[in-house]
Amino acid sequence: LWMIFCQTSISDLTLARIGVKCSMSYDFRNLSSADFEDLVRDLIGKEEGLRFEAFCAGPDGGIDGRHAHACGNVVLQAKHYEGSPFSKLTAAMKRERSSIDRLAPTRYILATSSRFTPLGKSRLSPLIGPSLKSEADIFGPEDLNGLLRKYPDILKSHIKLWLSGVGVLERVVHAAAHTFAALTREDIEQKVRVYASNPSFDESLATLEKHRLLIIS
């Protein structure tokens, strides 16, 4: 199988050059829980000017990211419940309360893909407890999309997310001079969900940038 990518602009496969706009909104449905946690650490770490530690998959004791400093700990937790009812998130936070209290962070930050209203955010606050210093430290999908617009460079390192954007797959497929009739939108979406970035992607992109032609065999 030979796949030929011809570069019609500087790079058809980079974020800015295939027409992905910073104003686009994402629902995060193509991200796994681990992918969502990585995105949240990058976005909130950038916004707060903090470096959060990353932890491997598994029981986290109420932590998905942590920043330690002289005065105590800032704990960041990500809850990926896109498409689930808000009640599932509130039930999860009730279960987490004992873990949060045990950690006793100086500041607790929650990021979730679950949608909620301002009233819903107010309902979450007492469930989390005194470690939540402000309701502003509860980030919903609209807040995360706002951070993506504010820090568009972060989007480039999360390929599953920007490939899931409305219209992006069509631009990718039709941007190249040679399109692949055998690859349907559904095929690509299924592959995006399990895609793991590797060094060959960056090497291929560099080749495409330099020669404006890439042949994959």
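Calculation rules
- As a convention, each chain's residues are numbered from 1 in the sequence order in which they are written.
- The predicted origin of the model limits local features to residues at a pLDDT of at least 70 and limits the giving and counting of side-chain atom pairs to 80 or more, whereas totals for whole chains, interfaces and linings rest on all residues.
- Derived side-chain values reflect all non-hydrogen atoms in the structure, with water molecules and hydrogen atoms excluded from consideration.
- Numbered from the N terminus, helices here are DSSP runs of H or I no shorter than four residues, and strands are runs of E no shorter than two.
- Exposure classes here rest on a 1.4 Å probe applied to the protein chains alone. A residue is buried below 20% of its type maximum, exposed above 50%, and partly exposed in between.
- The contact criterion used is simple: two residues touch if any of their non-hydrogen atoms lie within 4.5 Å.
- What sets the accessible areas is the Shrake-Rupley method with a 1.4 Å probe; for residues, cover comes only from the shown protein chains.
- Pairing of aromatic rings covers Phe, Tyr and Trp, the last counted by its six-membered ring, and requires centre-to-centre distances within 6.5 Å; plane angles under 30 degrees mean stacked, over 60 mean edge-to-face, and any other angle means tilted.
- We define a salt bridge as a contact between a side-chain nitrogen of Lys or Arg and a carboxyl oxygen of Asp or Glu at a distance within 4 Å.
- In this description, a line fitted to the C-alpha atoms serves as the axis of each element, helices being fitted only across the stretch in contact, and the angle between N-to-C directions of two axes falls anywhere from 0 to 180 degrees.
- Angle categories are assigned with fixed cut-offs, so that under 35 degrees is roughly parallel, over 145 is roughly antiparallel, 65 to 115 is roughly perpendicular, and the rest are oblique.
- Take the far helix as the reference: if the near one is turned anticlockwise from it by less than a right angle, the crossing is left-handed, and if turned clockwise, right-handed.
- Note on residue categories: nonpolar means Ala, Val, Leu, Ile, Met, Phe, Trp, Tyr, Cys or Pro, charged means Asp, Glu, Lys or Arg, and polar means any other residue, Gly included.

1. Digging into the overall build of the chain
Part 1: Regarding its fold elements, the chain presents 9 helices and 6 strands.
Part 2: Residues counted as buried form 42% of the 217 residues belonging to the chain.
Part 3: The contacts of the chain with a sequence gap of at least 6 include a subset with a gap of at least 24, amounting to 69%.
Part 4: When the accessible surface of the chain is split by element, carbon and sulfur atoms take 56% of a total near 11,600 Å².

2. Comments concerning the packing of aromatic side chains
Part 1: Going through the model one piece at a time under the given rule, you end up with 2 aromatic pairs.
Part 2: For the ring pair Phe 28 and Phe 36, a centre distance of 5.8 Å and an interplane angle of 65° mean the geometry is edge-to-face.
Part 3: Residue classification places Phe 28 among the buried positions, given a relative accessible area of 0%.

3. Side note on the pattern of salt bridges
As a working rule, side chains carrying opposite charge can pair if their charged atoms are close by.
Part 1: Throughout the structure, instances matching the rule amount to 10 salt bridges.
Part 2: Here Asp 137 and Arg 107 are joined by a salt bridge, their closest N and O atoms 2.8 Å apart. Of this pair, Asp 137 sits in the loop between helix H3 (118–128) and strand S5 (138–139) while Arg 107 is found in strand S4 (residues 107–112), placing the two residues 30 residues apart along the sequence.
Part 3: Taking the relative accessible area as the measure of exposure, Asp 137 reaches 6% and is therefore buried.
Part 4: Residue classification places Arg 107 among the partly exposed positions, given a relative accessible area of 21%.
Part 5: With its nearest N and O atoms 4.0 Å apart, the salt bridge here joins Lys 121 to Asp 143. Separated by 22 residues along the polypeptide, Lys 121 in helix H3 and Asp 143 in helix H4 (residues 141–150) bring together distant segments of the chain.
Part 6: Look at the salt bridges and you will find they share partners, linking Glu 48, Arg 107 and Asp 137 into a network.

4. Quick word on the packing of helix H2 (residues 86–103) against H3
Part 1: Packing of H2 against H3 brings their axes to within 8 Å, and their N-to-C directions diverge by 25°. Put simply, H2 runs roughly parallel to H3. For the pair H2 and H3, the crossing hand works out as right-handed. Listed contacts from H3 to Phe 86, Leu 89, Thr 90, Met 93, Lys 94, Arg 97, Ile 100 and Asp 101 of H2 are Gly 120, Arg 123, Leu 124, Pro 126, Leu 127 and Ile 128.
Part 2: Residue composition of the contact of H2 with H3, by class: 8 nonpolar, 2 polar and 4 charged.

5. Regarding the environment of Ile 188
Part 1: Residue position: Ile 188 is located in helix H8 (residues 185–194).
Part 2: In this structure, the C-alpha to C-alpha distance between Ile 188 and Leu 163, residues 25 residues apart in sequence, is 9.2 Å.

6. Here we look at the environment of Pro 126
Part 1: Mapped onto the fold, Pro 126 is located in helix H3.
Part 2: For Pro 126, a relative accessible area of 54% translates into the label exposed.
Part 3: Separated by 33 residues in the primary sequence, Pro 126 and Met 93 place their C-alpha atoms 9.9 Å from one another.

7. A closer look at the packing of helix H1 (residues 33–48) against H4
Part 1: The interhelical angle for the contact between H1 and H4, taken along N-to-C directions, is 65°, at an axis separation of 10 Å. Here the hand of the crossing between H1 and H4 comes out left-handed. Judged by residue contacts, Phe 36, Leu 39, Val 40, Leu 43, Ile 44 and Glu 47 of H1 engage Leu 144, Leu 147, Leu 148 and Lys 150 from H4.
Part 2: Across the contact of H1 with H4, the residue classes break down as 8 nonpolar, no polar and 2 charged.

8. Some thoughts on unusual backbone geometry
Trans is the common state for peptide bonds, and a negative phi is the common state for residues other than glycine.
Part 1: Non-glycine residue Phe 28 carries a positive phi angle of around 70°.
Part 2: Tracing the sequence through the fold places Phe 28 in the loop between strand S1 (3–6) and H1.
Part 3: In this structure, Ala 104 takes a positive phi of about 50° despite not being glycine.
Part 4: Positionally, Ala 104 belongs in the loop between H2 and S4.
Part 5: Take Ala 104: its relative accessible area is 54%, and that puts it in the exposed class.

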